[in-house]
Amino acid sequence: MSSPDTGALEEEAVLRALRSGWIAPLGPEVDAFEREVAERVGARFAVALSSGTAGLHLGLLALGVGPGDVVVTSTMTFAATANAIVYTGARPHFVDADPTTGNIDVQLLGETLAQLQADGESVRAVLPVDLLGKAVDYAAIEQLAAEFGVPVLADAAESFGARFHGRPVGSFGRASVFSFNGNKIMTTSGGGMLVTDDAAVADRVRHLATQARLPVSHYEHADIGFNYRLSNILAALGRAQLARFDDMLARRREWRRRYRAFFAEVDGVGIFGGDDDDDDNAWLTAIIVDEGAGWSPAELIAGLAESNIESRPLWKPMHLQPVFASYGATVGGAAERQFRRGVTLPSGSALSEEQFTRVETALRSFLESRA
Ligand SMILES: *Cc1c(COP(=O)(O)O)cnc(C)c1O
């Protein structure tokens, strides 16, 4: 669905880093990668980390989240979002998805914050998620956050390169976290980055990520730290990806455009996320199959698998996961329907024209077999 897109430039970059002798975590490639990402998204500071999950974990710690606190997040996400909350000792509270975009329902978010505050809960952060590369309604979320006096940490793991009303994701909230895992829009094989305009948050995250080592020669520690920094070799890979990023983004958008044109002719199927792609990074394209389509998402997934083409359901909501079932949730049924009716399709920038045409052909023959 989204395999890594790497070639000669990446090979050269990794060799350059290896031959430079900076093999350990940190080094000049990390510094340059941080500067380039910060500049691209319009943030003052960036801290390169070993994963997006690490970024969420340390971002929450830097906001003071800990045992006894509640962090409000979207139920429609990947488990890493909720795991990071639990790592801090806080409890997640899950909010349902907007029926169109799949992002956190901002109306329900407002109601949830009011209810939790009325119940005397210590809500320490709001953690929205830009699902599949579509930015959440940052205007509404920042307004609610200000109203309730709660900071926003954005899970932008899937949305590097996306925008909200023309402004880059990564420039909203107190801090944002990107993932550069192998399946994301660009990759360092494994890696992530926290971006922020808040110097104190950046310093705290950098400190905690390097074993909370104080700047003295004898290894002095006043906090429990983590080994969460990005390797210099992987940062070089990230810089090569960044140099090719606009082309990779354009390719994902081209697949989105092609899927839109294809499914415009198919009754009972809509492109997930709504009609407007302008600001999305189109990381993954998914469809929603209406109950009246005459075939089920599972049948389509099985049909494509016969041609050795990968597709999957959308994320299973967190409030339905056995491991998170005991936490609070404010849900109606929107995320559950998206999980039941959604199918995520091959969307990677590494797909060749020939491969994409093969996907279209397989889709067409599946639909003909059901007609
Ligand atoms: C991928 C992902 C993460 C985790 O990022 P890693 O770099 O894999 O740790 C977190 N949240 C969401 C929504 C993701 O898709």
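See the structure shown above.
Everything in this summary refers to the structure shown in the same document. Keep in mind the model is a prediction, meaning the values are calculated, not measured.

Okay, the sheet that holds strand 1 (residues 45–49) next. Taken in spatial order, the four strands of this open sheet run 1-9-8-5, and their pairing is mixed. The open sheet has two edge strands with one neighbour each: strand 1 and strand 5 (153–155). Taken over all neighbouring pairs, the strand axes of this sheet differ in orientation by 20° on average, direction set aside. Bridging between strand 8 (residues 175–179) and strand 9 (residues 192–196) involves five bridges; their strand directions are antiparallel. When the sheet's bridge partners are listed, V177 is paired in strand 9 with L194.

Attention shifts here to the packing of aromatic side chains. Applying the stated criterion across every chain, the model contains 16 aromatic pairs. Plain terms: the ring middles of W255 and F356 are 4.2 Å apart, the flat faces sit at 5° to each other, and that makes the pair stacked. On the criterion of sequence distance, the pair formed by W255 in helix 9 (residues 245–263) and F356 in helix 12 (residues 353–370) is long-range, its members being 101 residues apart. Assessed through its relative accessible area of 0%, F356 is described here as buried. For the ring pair F324 and Y327, a centre distance of 6.3 Å and an interplane angle of 45° mean the geometry is tilted. When its relative accessible area of 3% is taken as the criterion, F324 is described as buried. Here a set of aromatic residues connected by ring pairs shows up, and it is made of F33, F160, F178, F180 and F245. Taking NZ or CZ as reference, R167 lies 3.9 Å from the ring centre of F172, over its face.

Moving on, we come to the site of the ligand. Near the ligand lie 16 residues; those nearest to it are G52, T53, E158, S179 and K184. Contact between the ligand and D155: a nitrogen atom at 2.8 Å from a side-chain N or O atom of the residue. Measuring from an oxygen atom of the ligand, one finds a side-chain N or O atom of S179 at 2.7 Å. About the coverage of the ligand: the protein hides 93% of its 380 Å² of free accessible area. At the level of secondary structure, the elements contributing two or more residues to the shell around the ligand comprise helix 3 (52–62) and helix 4 (79–87).

Within strand 11 (residues 285–289), five of the five residues are buried, which leaves it mostly tucked inside the rest of the structure. The alternating pattern of strand 11 places T285, I287 and V289 on one face and A286 and I288 on the opposite face, and all of these are buried. With three bridges joining them, strand 10 (residues 269–271) and strand 11 adopt antiparallel strand pairing. Its bridge partner being in strand 11, I271 is matched across the sheet by I287. In this sheet, strand 13 (residues 342–345) lies alongside strand 11 in antiparallel orientation, the contact comprising four bridges. Residue pairing for strand 13: A286 is matched across the bridge by T344.

Here L242 lies in helix 8 (residues 232–243). Note on L242: relative accessible area 12%, which makes it buried. Between the C-alpha atoms of L242 and V37, which are 205 residues apart in sequence, the distance is 8.1 Å.

Apart from glycine, the bulk of residues carry a negative phi angle, and the bulk of peptide bonds sit in the trans form. If you check the backbone angles, Q211 has positive phi at about 60° while not being a glycine. Along the polypeptide, Q211 turns up in the loop between helix 7 (199–209) and helix 8. You will see that A212, though not glycine, has its phi angle at about 50°, which is positive. Within the secondary structure, A212 is located in the loop between helix 7 and helix 8.

Thresholds, definitions, all that
- Residues numbered from 1 in each chain as written.
- Predicted model: local features only at pLDDT ≥ 70, side-chain atom pairs only at ≥ 80, totals over all residues.
- Heavy atoms only, no water.
- Pairing = 2+ DSSP bridges.
- Helix = DSSP H or I, 4+ residues; strand = E, 2+ residues; numbered from the N terminus.
- Axes fitted to C-alpha atoms, helices over the stretch in contact; angles between N-to-C directions.
- Phe/Tyr/Trp six-rings, centres within 6.5 Å; stacked < 30°, edge-to-face > 60°.
- Buried < 20%, exposed > 50% of the residue type's maximum accessible area, 1.4 Å probe, protein only.
- Lys NZ or Arg CZ within 6 Å of the ring centre and 35° of its normal.
- Near = heavy atom within 4 Å.
- Polar contact = N/O pair within 3.5 Å; in protein donor to acceptor, adjacent residues only side chain to side chain.
- Areas by Shrake-Rupley, 256 points an atom, 1.4 Å probe, with all protein chains shown as cover.

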